[in-house]
Amino acid sequence: MGETKGGDADRRIGRRALLIGGAAAAVGTAVLAREELAHLWWRLPGVEKPRVAGAVDFRGAQWVAASSANWRRADRPDDYAVDRVVVHVTQGSFKSAVKVFQDPGHGAAAHYIVRKDGHITQMIRELDVAFHAGNREYNERSVGIEHEGFVESASSFTDAMYEASARLTAGICGRYGIPVDRAHIIGHVEVPGTDHTDPGPHWDWDRYLKLVRRARTA
Ligand SMILES: [Zn+2]
């Protein structure tokens, strides 16, 4: 605290101390609140990451918003660490997957959908929790990628799809420091408690991981 030399200075310092005191109190509150509200603290003013309309996390992806009923607002990776990529298969066309993810009655959606021709649509921001794994903890810790096709049909999975999806997963692994291995890049079938079987026996994991590794080092 500086010396005071008269009325004017006093007023100035008094006012400044008040401002600093106010800021300190606000920081203290935020720290306390963060402890308690670790998973809600995006609600505090000024701590939310910027949300630009139509912005995507993967360059080249096209943004189509999912219904807000199919995901939960979060601030990953600050509130939840992201350490898994979950691979899904849509069991229907790309179009129908986009449509159901836009439907508030569906109750589920993934962050991304990869089309047969390699086109990628992002429907939920990576910082938010998508309802795709059927397991709250796995939803919170993962990014979900849907692939157009059917688990029982080997021809669903095209070269273009594998390559585009591998680039997408490589980017996700890079952003969050996720190791490129089968412990961290998993199928929906491997999520604890699930009754889903995707991506199924025709999904070529060796090929996929090789492509992800190649894209990671490219
Ligand atoms: Zn699935």
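Just so you know, the residues in each chain are numbered from 1, in the order the chain's sequence is written. Confidence filtering applies because this is a predicted model: local features only for residues at pLDDT of at least 70, side-chain atom pairs given and counted only at 80 or more, and all residues used for totals across whole chains, interfaces and linings.

As named in an unreviewed UniProt entry, the protein chain is N-acetylmuramoyl-L-alanine amidase, taken from Streptomyces avermitilis. For the record of the protein chain, the UniProt heading Catalytic activity (unreviewed entry) holds the text "Hydrolyzes the link between N-acetylmuramoyl residues and L-amino acid residues in certain cell-wall glycopeptides." UniProt positions are given in the numbering used here, feature names are shortened, and annotations may be inferred rather than shown by experiment.

Q: In this structure, what is going on with the overall build of the protein chain? I would like to understand it.
A: Per the secondary structure count, the protein chain includes five helices and eight strands. Labels follow the DSSP assignment, with helices taken as runs of H or I lasting at least four residues and strands as runs of E lasting at least two, numbered in each case from the N terminus. Listing every helix and strand of the protein chain by position from the N terminus yields α-β-β-β-α-β-β-β-α-β-α-β-α. Partly exposed residues are those whose C-beta has more than 12 but fewer than 20 other C-beta atoms within 10 Å; 20 or more makes a residue buried and 12 or fewer makes it exposed, with C-beta atoms placed from the backbone. When each of the 218 residues of the protein chain is scored for burial, the buried share is 33%. Throughout, a residue-residue contact means that the two C-beta atoms, derived from backbone geometry, are no farther apart than 7 Å. Taking as baseline every contact in the protein chain between residues at least 6 positions apart, the subset at least 24 positions apart corresponds to 72%.

Q: Would you mind showing me how to read the environment of Tyr-162 here?
A: Along the chain, the position of Tyr-162 falls in helix α4 (residues 159-176). Beyond its immediate chain neighbours, meaning those up to four positions away, Tyr-162 contacts Phe-157, Arg-207, Tyr-208 and Leu-211.

Q: What am I meant to see in helix α2 (residues 94-101) here?
A: Every α-helix winds through 3.6 residues per turn, so residues three or four apart in the chain are directed the same way. All of the buried residues along α2 are Ala-97, Val-98 and Phe-101. For α2, the arc enclosing every buried residue in end-on projection is 100 degrees, short of the 170-degree limit, so these residues lie on one face. Along α2, the residues that are exposed and aim more than 90 degrees away from the buried face are Lys-95, Ser-96 and Lys-99. Against β4 (112-114), β5 (120-122) and β7 (142-147) lie the buried residues of α2. Think of it as the arc spanned by the lines of direction from the helix axis to the C-beta atoms.

Q: Any chance you could explain helix α5 (residues 205-217) here in plain terms?
A: The span one expects for a helix is its residue count, reduced by one, times 1.5 Å. If you check α5, its first and last C-alpha atoms are 18 Å apart, about what 13 residues at 1.5 Å a residue would give, namely 18 Å. Inspection of α5 places Tyr-208, Leu-211, Val-212 and Ala-215 among the buried residues, and these make up the whole buried set. The arc that holds every buried residue of α5, seen down its axis, measures 100 degrees, which confines them to one face. Turned more than 90 degrees away from the buried face of α5 sit Asp-206 and Thr-217, all of them exposed. The inward-facing, buried residues of α5 contact α4 and β8 (185-187).

Q: Explain unusual backbone geometry here, please?
A: Most peptide bonds adopt trans geometry, and most residues besides glycine take a negative phi value. The peptide bond linking Arg-76 to Pro-77 adopts the cis configuration, its omega dihedral lying at 0 degrees. At Gln-91, a residue that is not glycine, the phi angle is positive and equals roughly 55 degrees.

Q: Looking at this structure, I do not really get the pairing of strand β3 (residues 84-89). What am I missing?
A: Two faces belong to every sheet, and in a regular strand the side chains alternate between them. Within β3, six of the six residues are buried, leaving the element largely enclosed by the surrounding structure. One requirement defines pairing of two strands: DSSP has to find at least two bridges between them. Sheet topology note: the β3/β7 ladder contains six bridges and is parallel. The residue of β7 that forms the bridge with Val-89 is His-147. Relative to β8, β3 runs parallel, the two sharing three bridges. When the sheet's bridge partners are listed, Val-86 is paired in β8 with Ile-186.

Q: Hey, could you run me through the packing of α4 against α5 in this one?
A: When two helices pack together, their arrangement is captured by the angle between the axes and the distance separating the axes. At their nearest, the axes of α4 and α5 sit 8 Å apart, and the two run at 55 degrees to each other. The angle between α4 and α5 places the two elements in the oblique class. Once α4 is placed against α5, the crossing between them reads as right-handed. Of the residues in α5, those in contact with Tyr-162, Glu-163, Ala-166, Arg-167, Thr-169, Ala-170, Cys-173 and Gly-174 of α4 are Arg-207, Tyr-208, Leu-211, Val-212, Ala-215 and Arg-216. Helix axes use the C-alpha atoms of the stretch in contact, all axes being lines fitted to C-alpha atoms, and the angles between their N-to-C directions lie in the range 0 to 180 degrees. By the definition adopted for this analysis, an angle is roughly parallel if under 35 degrees, roughly antiparallel if over 145, roughly perpendicular if from 65 to 115, and oblique otherwise. By the definition used in this description, the sense in which the near helix is turned from the far one sets the handedness, with an anticlockwise turn below a right angle giving left-handed and a clockwise turn giving right-handed.

Q: Would you mind going over the nonpolar core with me for this structure?
A: Nonpolar side chains in soluble globular proteins generally cluster together in the buried interior. Note on terminology: a nonpolar core is a set of buried residues of type Ala, Val, Leu, Ile, Met, Phe, Trp, Tyr or Cys, with members joined through C-beta atoms within 7 Å. In this structure, Val-85, Ala-109, Tyr-112, Val-114, Ile-145 and Val-212 are the most contacted members of the largest nonpolar core, which totals 43 residues. If you list the elements that add at least two residues to this core, you get β3, α2, β4, β6 (129-130), β7, α4 and α5. The element contributing the most residues to this core is α4, with eight residues. When neighbours within four sequence positions are excluded, Val-114 is seen to be in contact with Ile-120, Ile-145, Glu-146, His-147, Glu-148, Met-161, Ala-164, Ser-165 and Leu-168.

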